[in-house]
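What the coordinates show
Letter by letter, the chains look like this.
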Amino acid sequence: MAATDRTARHLELLTDTIAAVNSSLDLDVVFERIAAKVTSALEADACFVYLYDETDDVLELRATHDGRFGDPSHRPRMHLGEGITGTSAAEGRPVMIAEAAHLDARFVGFPNLPEDEYESILAVPVHARDRLEGALNVRTRLPRAFGEDEVALLTAIAGQVGQAIENAKLYEQTRARVSELESLAVQEIHHRVKNNLQTVASLLRLQARAIDDPAAERALEESVHRILSIAAVHDLLTTSHHDHVDCAGLIGRLEAMLGQGLGGREVVSTLQPVVLPGQRATAVALVFCELFQNALEHGRGRISVELVRDGGSIVMSVGDEGQGPPPGPRQGLGLTIAAALVREELRGRIDLRGKAVVRFPAAY
Ligand SMILES: Nc1ncnc2c1ncn2[C@@H]1O[C@H](COP(=O)(O)OP(=O)(O)O)[C@@H](O)[C@H]1O
Ligand SMILES: [Mg+2]
C-alpha cells in the first residue's frame, strides 16, 4: 500500500470513528461499530474493545470485530496487569508484539477466546481525562509489526473511545439525576398540597366553632373531614415513590382520623393491600369518609370495615349493628357525593341494603 493511500485510509478511519462515537449513547453499539471499522481500515483480523470496571478492577470484553461474545454473561474479564492488553492498560502505554504473541510471558488465554490463532497484537489503553476507562487491541493471524503511524492512530482512536465512554457515563448520571429530581419535585408538590388542605381544614374548623347553628356547624365539620381525607392521600403520595397509594394504609389512617373522640365505638377492619393511582385513591378516601361518618353518626354498635380483592374487583364495605343506610333515594349530601364518586371515578356500584358495599374494577 502506498504511503499516501495509507494516510488517507487512516484519516478516513479517524473520521469514521468520530462519527461512530457521536452516533449513539449506547456504548455497545459504538464499540461494535468501532471494532468493525478498525479491523477493516487496519486490514487486521480482529479487534477487541474492553471496558474498565473500576469497582471490580477488571477489564471486560464488550465488543469484537465480528460481534462475538454478545452474551453479557459470558464476557471474558481480566484484571489490570493480566495478559497483554491488561498490561498495556496497567502501564498506560501501547504494547506491540509482532509475532507469537501467545508465547509472550504476559499472555493469558481465555477458554472461550481462541487467541492463539493470532500472531500479532497491538494493545492500547483507553483514557478519558487521565482516567482509565478501558482498552482495545488489534490482532493479525500472520506476523505483523505495526508501524509507528498505526500505533499513533490506534491511540487516537482510543481517545475517541474514552470520550464515548465518558459521554455515556455522563448521560447515565444526568438521566438518573433528572428522574431523582422529578420524583423529589412531585413529592414536594404532594407535601404542599397536603399542608394547604390542612390549613383549609383548620380554618373551616375554627369557623365551625364560632357558629351557634348546630346544622351549619355539622356541615362545616363534615367538610373538614372530606378535606382531611384528601390530605391523607397526598400524605401517602409524599412517601410513596410512585403515583400510587395503598388503600389499606389509607383507610387505616382515615379510621383513626374520623373515629377521634367519637364515644369509643368498636371498629373491626379487614384490609387487604389494594394499590391504586392517586386519583382513584382519592375517590376511595372520600367514599370511605362518607360511609364511615354515617356509621358513626347514624349507626349503632360495632363498625365493621372491609377492603378485599374479589377476582378483578375490589370490594369496600362499611357496616354496623343498626339498621344500616336507607336503600331508597332519600339521600343526603354525603351519600350523593359517595354515589357520584363510585359511578364516575371508580366506575363501580354502591349497594346500601343493610350495609354499604362498594364494588369496582381493580383496573380499567
Ligand atoms: N349506617 C347508617 N345507619 C343508619 N342510617 C344511615 C346510615 N347511613 C346513612 N343513613 C341514613 O341515610 C341518610 C343520608 O345519609 P347522608 O347522605 O350521608 O346524609 P347525612 O349523613 O348528612 O344525613 C342519613 O341521614 C341517615 O338517615
Ligand atoms: Mg352522612
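See the structure above.
**Focus on the site of ligand 1**
Close to ligand 1 lie 17 residues; Asn294, Pro325, Gly332, Gly334 and Leu335 are nearest. When contributions to the shell around ligand 1 are tallied by element, the ones reaching two or more residues are helix H7 (278–298) and helix H8 (333–344). With five residues, the single largest contributor to the shell around ligand 1 is H7. Of the residues assigned to the shell around ligand 1, the class counts are five nonpolar, nine polar and three charged.

**Quick word on the sheet that holds strand S6 (residues 131–140)**
The strands that make up a sheet pair up through hydrogen bonds in the backbone, lying either parallel or antiparallel. With antiparallel pairing, six strands are arranged side by side in an open sheet as S3-S2-S1-S6-S5-S4. Single-partner strands in this sheet number two, and they are strand S3 (77–79) and strand S4 (95–97). On average, each strand axis in the sheet is inclined to that of its neighbour by 25°, with strand direction left out of account. Bridging between strand S1 (residues 46–53) and strand S2 (residues 58–64) involves six bridges; their strand directions are antiparallel. In the sheet register, Tyr50 faces S2, and the bridge partner there is Leu61. This element, helix H2 (residues 27–41), spans S1, S2 and S6 of the sheet and lies at about 70° to S2. Strands in contact with helix H4 (residues 148–210) are S1, S4, strand S5 (120–128) and S6; relative to S5, the strand with the most contacts, it is inclined by about 40°.

**A closer look at unusual backbone geometry**
Located in the positive-phi region is Glu43, a residue other than glycine, with phi close to 50°. Positionally, Glu43 belongs in the loop between H2 and S1. Taking the number of C-beta atoms within 10 Å as the measure of exposure, Glu43 has 12 and is therefore exposed. Although it is not a glycine, Ala100 sits at a positive phi angle of roughly 50°. Tracing the backbone shows Ala100 in the loop between S4 and S5.

**A closer look at the sheet that holds strand S8 (residues 267–271)**
A sheet is described by the order of its strands in space; here five strands give the open sequence S8-S10-S11-S13-S12, paired in mixed fashion. Edge positions in the sheet fall to S8 and strand S12 (349–351), since each has one partner strand and no second. Strand-to-strand twist across the sheet, computed as the mean angle between neighbouring axes with direction ignored, equals 10°. Both strand S10 (residues 303–310) and strand S11 (residues 313–319) contribute to a ladder of seven bridges, which runs antiparallel. Each residue of the ladder has a partner; that of Val305, found in S11, is Val318. Of the strands in this sheet, S8 and S10 are in contact with helix H6 (residues 247–259), which crosses S8 at around 165°. Of the strands in this sheet, S12 and strand S13 (356–361) touch H8, which is tilted by about 140° from S12.

**Remarks on the nonpolar core**
Nonpolar side chains in soluble globular proteins tend to end up buried together. Counting residues in each nonpolar core, the largest one holds 45 residues, and the members touching the most others are Ile34, Val38, Cys47, Val49, Tyr50, Leu136 and Val161. Discounting chain neighbours no more than four positions away, the residues touching Tyr50 are Leu59, Glu60, Leu61, Arg62, Thr85, Gly134, Ala135 and Leu136. Listed in part, the 41 residues of the second largest apolar core include Val233, Val245, Ala281 and Ile314.

Cut-off values and rules
Residues numbered from 1 in each chain as written. Chains lettered and ligands numbered in written order. Predicted model: local features only at pLDDT ≥ 70, side-chain atom pairs only at ≥ 80, totals over all residues. Near = placed C-beta within 6 Å. Helix = DSSP H or I, 4+ residues; strand = E, 2+ residues; numbered from the N terminus. Nonpolar A, V, L, I, M, F, W, Y, C, P; charged D, E, K, R; others polar. Pairing = 2+ DSSP bridges. Axes fitted to C-alpha atoms, helices over the stretch in contact; angles between N-to-C directions. Contact = placed C-beta atoms within 7 Å. Buried ≥ 20, exposed ≤ 12 C-beta atoms within 10 Å, placed from the backbone. Core = buried A, V, L, I, M, F, W, Y, C linked by C-beta atoms within 7 Å.

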